[in-house]
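As a plain string of letters, each chain reads:
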Amino acid sequence: MSVAIVKTKNPRDVRKAVELLGGMERFVAKGEKVIVKPNICAAMGSETGAVTDPLLVAEVAKMVAECGAEPIVVESPIYPIGSQRAFRKAGYADFEGRYGFELVDANAAEAIEVEIPRGLAIDHTIIPRVVLEADKLINVPVIKTHLQTMVSLGMKNLKGLVVGKQKHLIHLCGLDQGIVDLNTLIKSDLVIMDGIIGMEGSGGPTNGRAVEMDVVLAGDDVVEADCVGVRIMSGDPERVKHIQLACEQGLGATGELKFLGDSLESVATKRDLPKFPDLSRTLISGVALHALDAFREVSMRLFGGERVEKRVKLGDPVIDCEICDKCKLCLEACPVDAIEMEDFPAVRLDDCIRCFCCAEVCPKGAISKKL
Ligand code: SF4
Ligand code: SF4
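Residues numbered from 1 in each chain as written. Chains lettered and ligands numbered in written order. Predicted model: local features only at pLDDT ≥ 70, side-chain atom pairs only at ≥ 80, totals over all residues. Heavy atoms only, no water.

**Notes on the pattern of salt bridges**
Our working rule: Within this document, salt bridges are pairs made up of a side-chain nitrogen of Lys or Arg and a carboxyl oxygen of Asp or Glu, the two lying within 4 Å of each other. A 1.4 Å probe rolled over the protein chains alone gives each residue an accessible area, and that area as a share of the maximum for its type sets the label: buried under 20%, exposed over 50%, partly exposed in between.
A full pass over the atoms with the stated rule returns 21 salt bridges. Across the pair D94 and R98 runs a salt bridge, and its minimum N-O distance is 3.1 Å. Between D351 and R348 there is a salt bridge, with the nearest N and O atoms lying 2.6 Å from each other. Judged by its relative accessible area of 36%, D351 falls in the partly exposed class. With a relative accessible area of 29%, R348 lands in the partly exposed category. Three or more residues are tied together by salt bridges with common partners; here these are R12, R15, E59, K62 and E66.

In structure tokens, the structure reads:
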């Protein structure tokens, strides 16, 4: 397995990365239908670091077409953001007219319920038929942070193939394992990461800070590519739960990872990654861990076990009413209806499952995680 790294500011240099891996013909054959899955999670432009640059996606589709295969770009944004609005704002409105390649709104396409035979958190989901019947899938995420899963890279990007509100099931059943489950159902034959403008900070995947990472990465194994994506942000892949779970469950390829092109060191920069208190890690000193456990025990006795456990591990969603414009998107996004509209939206913390779908969807960045 290999990962090619190209240091660049030009989205069209994606071609160099794929050529380093052996060329597109290594991955697709004449006559095949090939899904190209960008990240168009929100109604935001690629300059924000939230979505994949349409120029890069078009170049990938061109390479697929040059092999005599048929590229089909497919996406379903974060629920309840409207697909057409997201496509328009992200620069994909005239994608078909400009480049001649099909762009499918996964929320409007024919979709079918499928079992996930190896699923441990979710055993079924709903996916567009065109994805299930395609021959290959090219996964084209952005390199960015995520307030709940630390990073959103290739594995996480497949969640955008789950139709509309069906995404809620993954949050209700366990996001990290759900991401792994989806990746057991749908294989990424090639992963291409757009890191020309990525995102850092605990506001990711939509409200973090855009950063020029100046890199495009291509890999033939999604787990390994994700590990390299994390290392480009100077993070530790072992601290990313869905990557850890994928490795434990034998999802990634085995064998030595071969780097091609520019060196990892030449593109890796210390980035601001979301912080998660991990009570089981020895990184916390023995004394601090002891104090934290004692605090948790007392708090649990005083305020109720489950609530405190969630709070200590995951934090609480906090809404800044100074920023909120009362659009109510967060109310629709909450999978357990834990947000009520009073003068401003208010979260019932006892019902909240700390999925942070509300923060992901908030167009104003008014919801943050308070640890
Ligand atoms: S918190 Fe954000 S999503 Fe919710 S109503 Fe306010 S602006 Fe809209
Ligand atoms: S209020 Fe809680 S359960 Fe609802 S979307 Fe926000 S974090 Fe998730």
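**With respect to unusual backbone geometry**
The cut-off we apply is this: Secondary structure elements are taken from DSSP: a helix is a run of H or I of four residues or more, a strand is a run of E of two residues or more, and numbering for both begins at the N terminus.
Here the bond from Y79 into P80 is cis, since omega is 5 degrees, no more than 30 degrees from zero. Turning to its location among the elements, P80 is positioned in the loop between β3 (70–75) and α3 (83–89). The omega angle of the peptide bond from G204 to P205 is 20 degrees, so this bond is cis rather than trans. Look at M150: it is not a glycine, yet its phi comes out positive at around 70 degrees. Look at D337: it is not a glycine, yet its phi comes out positive at around 50 degrees. Look at D337 and you get exposed, because its relative accessible area is 54%.

**Things to note about the domain arrangement of the protein chain**
Heads up, the condition is: Where each domain starts and ends follows an automatic or database-derived domain assignment. Any two residues whose heavy atoms approach within 4.5 Å are treated as being in contact. The term buried area means the drop in 1.4 Å probe accessible area that two parts suffer when joined, counted for both and summed. Within 3.5 Å is the distance limit for a polar contact, defined as a pair of N or O atoms, with the added protein rule that one can donate a hydrogen and the other accept it, and that residues adjacent in sequence qualify only through two side-chain atoms. Under the grouping applied here, Gly and all other residues not named as nonpolar or charged are polar, the nonpolar ones being Ala, Val, Leu, Ile, Met, Phe, Trp, Tyr, Cys and Pro and the charged ones Asp, Glu, Lys and Arg.
When the domains of the protein chain are assigned, the result is domain 1 (2–267) and domain 2 (286–370). On a C-alpha basis, the centres of domain 1 and domain 2 stand 28 Å from each other. Every contact between the two is made by 14 residues of domain 1 and, on the other side, 19 residues of domain 2. Carbon and sulfur atoms make up 60% of the area that domain 1 and domain 2 hide from each other, which totals about 1,300 Å². At the surface where domain 1 touches domain 2, the tally comes to zero salt bridges. On inspection of domain 1 and its partner domain 2, the count reaches seven residue pairs in polar contact (both at pLDDT 80 or more). Among the elements that line the side of domain 1 that touches domain 2, the one with the most residues is helix α7 (residues 167–173), at three residues. For the side of domain 1 that touches domain 2, the residue count by class is seven nonpolar, six polar and one charged.

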